[in-house]
Amino acid sequence: MHNNTAISELIAAGKWASQRGWVPATGGNFSARTESGFVVTASGFDKGQLGSHTFIELDHVGNRTRGAGRPSAETELHLSMYKLIPSANFVLHTHSVAATVLSRVIKGHSLNLQGYEMQKSLAGVSSHLDTLSIPIFDNHQDIDHLSLLVSDHHLHTPIEHAVLIRGHGLYVVGRNSKEVMRHLEGLEFLFSCELERLKLEGIQAGVNP
Ligand SMILES: CSC[C@@H](O)[C@@H](O)C(=O)COP(=O)(O)O
Ligand SMILES: [Zn+2]
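Since we're looking at a predicted model, the values are computed, not measured.

Cut-offs used in this document
Residues numbered from 1 in each chain as written. Chains lettered and ligands numbered in written order. Predicted model: local features only at pLDDT ≥ 70, side-chain atom pairs only at ≥ 80, totals over all residues. Helix = DSSP H or I, 4+ residues; strand = E, 2+ residues; numbered from the N terminus. Rg over C-alpha atoms; globule rule 2.2 N^0.38 Å. Buried ≥ 20, exposed ≤ 12 C-beta atoms within 10 Å, placed from the backbone. Near = placed C-beta within 6 Å. Nonpolar A, V, L, I, M, F, W, Y, C, P; charged D, E, K, R; others polar. Pairing = 2+ DSSP bridges. Axes fitted to C-alpha atoms, helices over the stretch in contact; angles between N-to-C directions. Core = buried A, V, L, I, M, F, W, Y, C linked by C-beta atoms within 7 Å. Contact = placed C-beta atoms within 7 Å. Parallel < 35°, antiparallel > 145°, perpendicular 65-115°, else oblique. Left-handed = near helix turned anticlockwise from the far one by under 90°.

Caption draft 1: Representation of the overall build of the protein chain in the model. A tally of helices and strands in the protein chain yields five helices and nine strands. Mapped in sequence order, the helices and strands of the protein chain form the string α-β-β-β-β-α-β-α-β-β-α-β-β-α. What you see for the protein chain is a C-alpha radius of gyration of 16 Å, in line with the 17 Å of a compact globule of 209 residues. With respect to the three principal axes, the spread of C-alpha positions in the protein chain is 50 × 35 × 35 Å. Sorting the 209 residues of the protein chain into buried and exposed places 43% on the buried side.

Here's what the structure looks like:
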């Protein structure tokens, strides 16, 4: 994909995510893998109001080739996700209330979802009886360190769709912009359901083995 096409699709995804309240207060960052490398949002912009001037273009190894300002503070984590998941061409990072709260309420190292039809919105999931496991990593201001934790984890438990960063947000991948948006919407629906379930049934019942 050409950089300009990817940028247009990320601008649309930003508006869409912002309308849903998933990227408040400049939170979140978006990127795509392109034929010349990557495009990533510049740091500090409102993701609901992205424009071509709010993107940094990178080469295949992550060096800047075009664009003003600083690349997203979390660029390294995006690059790690592309390295780990060869089929991923889009990465969206969001800060929804549900992802932020749920990743704190669950004390373990993964959020395990089971019994929801909506699990099938994730590529490769064909039954509500499957367990959809989203790894949770403790937040860290050192993004290189966080990227290493994610890469180490992937060695023994491959990351398929997404990771949660505790008290911070979600990173979700897709093969194209349509798929990454479907994954994000599906996961947000599942997080909201799970949060409601925990509120009604109590945290003890919300076992996430
Ligand atoms: C506005 S607080 C959120 C940031 O610290 C960060 O987590 C974030 O998602 C946005 O960082 P950015 O550098 O704009 O890509
Ligand atoms: Zn963030």
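There's more to say after this.
Caption draft 2: Spatial organisation of unusual backbone geometry. Positive phi, normally seen in glycine, also occurs at A25, with a value near 50 degrees. Here A25 shows up in the loop between α1 (3-19) and β1 (29-34). Using a count of 8 C-beta atoms within 10 Å as the deciding quantity, one classes A25 as exposed. Even without being glycine, T26 reaches a positive phi, approximately 70 degrees.

Caption draft 3: Highlighting the site of ligand 1. Surveying the vicinity of ligand 1 reveals the residues A25, T26, G27, G28, N29, T41, S43, G44, S72, A73, E74 and H93. Here the residues of the shell around ligand 1 sort into two nonpolar, nine polar and one charged.

Caption draft 4: Structural view of the sheet that holds strand β9 (residues 169-174). As summarised here, the arrangement of the nine strands in space is β4-β3-β2-β1-β5-β9-β8-β7-β6, forming an open sheet in which the pairing is mixed. The strands lining the two open edges of the sheet, one partner per strand, are β4 (64-66) and β6 (110-113). Ignoring strand direction, the axes of neighbouring strands in this sheet form an average angle of 25 degrees. Pairing between strand β7 (residues 132-137) and strand β8 (residues 162-165): two bridges, direction parallel. Bridging across to β8, F137 finds its partner in I165.

Caption draft 5: Representation of the nonpolar core within the structure. Membership of the largest hydrophobic core comes to 51 residues, with the highest contact counts inside it found for L10, L92 and V172. A per-element tally of this core places α1 first, with six residues.

Caption draft 6: Focus on helix α2 (residues 75-84). Among the 10 residues in α2, seven count as buried, and that is most of the element. Elements that come into contact with the buried residues of α2 comprise β1, β2 (37-41), β5 (90-94), α4 (143-156) and β9.

Caption draft 7: Summary view of the packing of helix α3 (residues 97-105) against helix α5 (residues 177-201). Look at α3 against α5: their axes get within 9 Å of each other, and the N-to-C directions meet at 50 degrees. Taken together, the axes of α3 and α5 are oblique relative to one another. Considering only the axes of α3 and α5, their crossing is left-handed. Side by side, α3 and α5 meet where A98, A99, V101, L102 and V105 of the first sit next to E188, F191, S192, E194, L195 and L198 of the second. When grouped by side-chain class, the residues that make up the contact of α3 with α5 number eight nonpolar, one polar and two charged.

That's the geometry; what it means functionally is another story.
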